[in-house]
Amino acid sequence: CEGIGDEGHDYCVEAITDGDLFLVGDFTGNDEDWHGYFALNKCEGDCDFDSECAVGLVCFTEETGAVPGCAGDPTALASGSYNFCIERPSPTYLAFVYNEDIISDGIYPMGLCQGDCDEDADCGEGLYCFERDGFEEVPGCEGPGEEGVDYCVGSEGRMLRGGV
C-alpha cells in the first residue's frame, strides 16, 4: 500500500508472519504526530529511539542492509532509510527499558547496559548508574543508546565516574 489512506477506513493488507519486517509508516519529519501513542513491536519501523519500541527492544539504526532477527529487505518496503525495532543483539548492547516519565511498565531493577537509571538503586545487584552526557561511551557496553540516557554498568563504570 502507498499513501496515508482515509480516516475512518479499514484496509486489507498482505498477511505478515512473526519476524517479517513491517513498516508502520513513514514518519520522517513528522515524529510528533505519532510518538507516544503506541510502541513498535519486533521488526516494526520506523523508529528513531529505543523508547519508541516495546519494552526490551532496541531501535536498530545501523545501515547495513539486513535487520538482525527479521526477515525481508528493508529497502524493498519503501524508498529512503528506515530503522526497525529488534531484540538486543547482545546482553551488553545499550537498551532503553525504563523511564518513569514515558512508560510505567519498564523492567526494574535494570540489568547491565539498560537505562534510563537515575541512581544506583535503579540498577540490579552489583551494578551502578553511569550518568552520561550526550552520546558519551558507556563502559562495558556497546551501541549508541539514546542521547543523554544513563545506563546501569559494572564496577568499571563506577571507577570512571569517581566512585570507589
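That block above? That's the structure.
Below: a short report on this structure. (Residues numbered from 1 in each chain as written. Predicted model: local features only at pLDDT ≥ 70, side-chain atom pairs only at ≥ 80, totals over all residues. Heavy atoms only, no water.)

**What to know about the state of the cysteines**
Phase 1 of the analysis: If you walk through the whole model with that rule in mind, you get 6 disulfides.
Phase 2 of the analysis: Between the sulfur of Cys43 and that of Cys70 lies a disulfide, 2.1 Å long from S to S. Disulfide Cys43 to Cys70: torsion about the S-S bond roughly -95°, handedness left-handed. A residue pair is termed long-range when its members are at least 10 positions apart, and Cys43 in the loop between strand S1 (22-23) and strand S2 (44-45) and Cys70 in the loop between strand S3 (57-60) and helix H1 (74-77) qualify at 27 residues.
Phase 3 of the analysis: Covalent S-S linkage joins Cys113 and Cys141, the inter-sulfur distance amounting to 2.0 Å. Because the torsion about its S-S bond is -90°, the bridge between Cys113 and Cys141 counts as left-handed. In this pair, Cys113 sits in the loop between strand S5 (95-96) and strand S6 (114-115) while Cys141 sits in the loop between strand S7 (128-130) and strand S8 (151-153), placing the two residues 28 residues apart along the sequence.
Phase 4 of the analysis: For Cys113, a relative accessible area of 0% gives the class buried.
Phase 5 of the analysis: With cysteine numbering restricted to those in disulfides and following the sequence, the protein has the pairing 1-5, 2-4, 3-6, 7-11, 8-10, 9-12. (Disulfide = S-S within 2.5 Å. Helix = DSSP H or I, 4+ residues; strand = E, 2+ residues; numbered from the N terminus. Buried < 20%, exposed > 50% of the residue type's maximum accessible area, 1.4 Å probe, protein only.)

**Notes on the side chain of Glu146**
Phase 1 of the analysis: Here Glu146 is to be found in the loop between S7 and S8.
Phase 2 of the analysis: For the buried Glu146, no salt bridge exists, and the shortest N-O distance to an oppositely charged side chain is 8.0 Å, to Arg132.
Phase 3 of the analysis: Not counting residues within four places of it along the chain, the set of residues in contact with Glu146 comprises Phe49, Asp50, Ser51, Phe96, Arg132, Gly134, Phe135 and Tyr151. (Lys, Arg positive; Asp, Glu negative; His and termini not counted. Salt bridge = Lys/Arg side-chain N within 4 Å of Asp/Glu carboxyl O. Contact = heavy atoms within 4.5 Å.)

None of the figures reported here should be taken as evidence of function without further support.
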